[in-house]
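The residues making up each chain are set out below.
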Amino acid sequence: MDDQRPHASSPIVLDVTGLTVAYGKAEVVHGANLRVHEGEFVVLLGRNGAGKSSSLHAIGALIQRKGGEIRFLGQDVTKSNARALARMGLVNVLEGHRVFTTLSVEDNLMLGTYAQNPHGDKAAVESAMEIFPELADLRHQLASRLSGGQQQILAVAQGIAAKPKLLVLDEPSGGLAPLVIDRILTVAKTLTRQGTAVLLVEQLVKEAFKFADYCYLMENGKIGGEGTVESVRSGDLIQRIYLGGAASEQE
Ligand SMILES: Nc1ncnc2c1ncn2[C@@H]1O[C@H](COP(=O)(O)OP(=O)(O)OP(=O)(O)O)[C@@H](O)[C@H]1O
Ligand SMILES: [Mg+2]
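Heads up: these notes are all about the structure in this document. All of these numbers come straight from a predicted model, not from anything done at the bench.

**Side note on the side chain of Ser55**
Then, in step 1: With respect to the element layout, Ser55 can be found in helix α1 (residues 52-59).
Then, in step 2: When near neighbours in sequence (up to four residues on either side) are disregarded, Ser55 contacts Leu19, Val29 and Met218.

**Side note on the sheet that holds strand β2 (residues 26-37)**
Strands belonging to one sheet form pairs held by backbone hydrogen bonds; the direction of such a pair is parallel or antiparallel.
Then, in step 1: Reading across the sheet, the four strands line up as β2-β1-β4-β5 and stay open at both edges, with antiparallel pairing between neighbours. The open sheet terminates on both sides in strands that have one partner only, identified here as β2 and β5 (75-76).
Then, in step 2: Pairing analysis gives five bridges linking strand β1 (residues 12-23) to strand β4 (residues 67-72), with the strands arranged antiparallel. What sits directly across from Thr17, in β4, is Glu69.

**Observations concerning unusual backbone geometry**
Then, in step 1: With phi around 60°, Ala61 is a residue other than glycine that occupies positive phi space.
Then, in step 2: Inspection of the secondary structure puts Ala61 in the loop between α1 and β4.
Then, in step 3: The class for Ala61 is partly exposed, based on a relative accessible area of 22%.
Then, in step 4: Backbone geometry places Leu73, a non-glycine residue, at a positive phi of 55°.
Then, in step 5: Position of Leu73 relative to the elements: it lies in the loop between β4 and β5.
Then, in step 6: Judged by its relative accessible area of 36%, Leu73 is partly exposed.

Reading the values: rules and limits
- Residues numbered from 1 in each chain as written.
- Chains lettered and ligands numbered in written order.
- Predicted model: local features only at pLDDT ≥ 70, side-chain atom pairs only at ≥ 80, totals over all residues.
- Heavy atoms only, no water.
- Helix = DSSP H or I, 4+ residues; strand = E, 2+ residues; numbered from the N terminus.
- Contact = heavy atoms within 4.5 Å.
- Pairing = 2+ DSSP bridges.
- Buried < 20%, exposed > 50% of the residue type's maximum accessible area, 1.4 Å probe, protein only.

Below is the structure:
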């Protein structure tokens with residue numbers, strides 16, 4: 001399967017082995033393995049409660065891991081904290097809006113750059129606004145004045161301003177208009193062409209498949225299957241993805 005993987009020969013950006021996550025005594029991720037290569041767009045699918053967000057949070061050291069090994073950019077970062085990972089370029093755009101509504105669009109973007117540069121990085125702010133010109137027109141607006149879709153775009157732009165080597169997106173659609181998710185994923189795809197890796201969790205399978213190169217299916221806290229988007233589309237895994245309730249938009 002791996003030899004079909006178009007990015008198989010590119011350097012591995014993220015290598016997760018045996019990831020286990022528990023909340024108290026309840027183990028919800030049981031030894032998951034996954035990989036993302038340089039310039040690769042990977043989507044992690046699975047039904048509600050499968051453990052996708054828990055895995056992303058644990059990878060980014062935003063919650064404690066029970067077990068497993070994480071390598072990032074060739075380094076063992078199993079013991080690194082979230083701040084160190086962010087500084088290395090592991091950037092999380094989490095589920096839901098997390099922009100600062102009392103700050104302007106520009107200041108929100110500036111906040112995104114602090115992980116890389118404690119003094120802020122004006123050039124990175126400007127380049128994020130070049131990538132999302134719709135934000136440039138709103139630069140002095142308070143984020144609270146933005147629509148839900150605009151706030152979601154701002155959250156992603158904030159992640160991009162942090163100069164990710166790996167951009168992790170947890171359900172950027174967030175129940176918003178398909179046009180917004182299309183816009184966000186188009187930008188993410190553009191970044192992969194410059195070598196950035198993308199790890200996406202998304203319920204809108206059809207949308208995700210338009211952009212992704214490789215797919216992992218999470219079932220009950222385990223990786224139940226994986227493959228290129230083409231092989232998943234034409235094989236049996238697609239049935240499990242839909243039957244598992246990972247999607248609500250099958251045609
Ligand atoms: N903070 C928490 N404390 C306790 N249990 C949690 C917590 N967060 C998630 N869980 C449980 O862990 C399991 C996996 O949840 P998780 O949010 O990782 O799933 P998910 O695949 O992201 O689902 P969704 O598609 O609904 O976002 C679920 O059973 C959930 O109830
Ligand atoms: Mg989730």
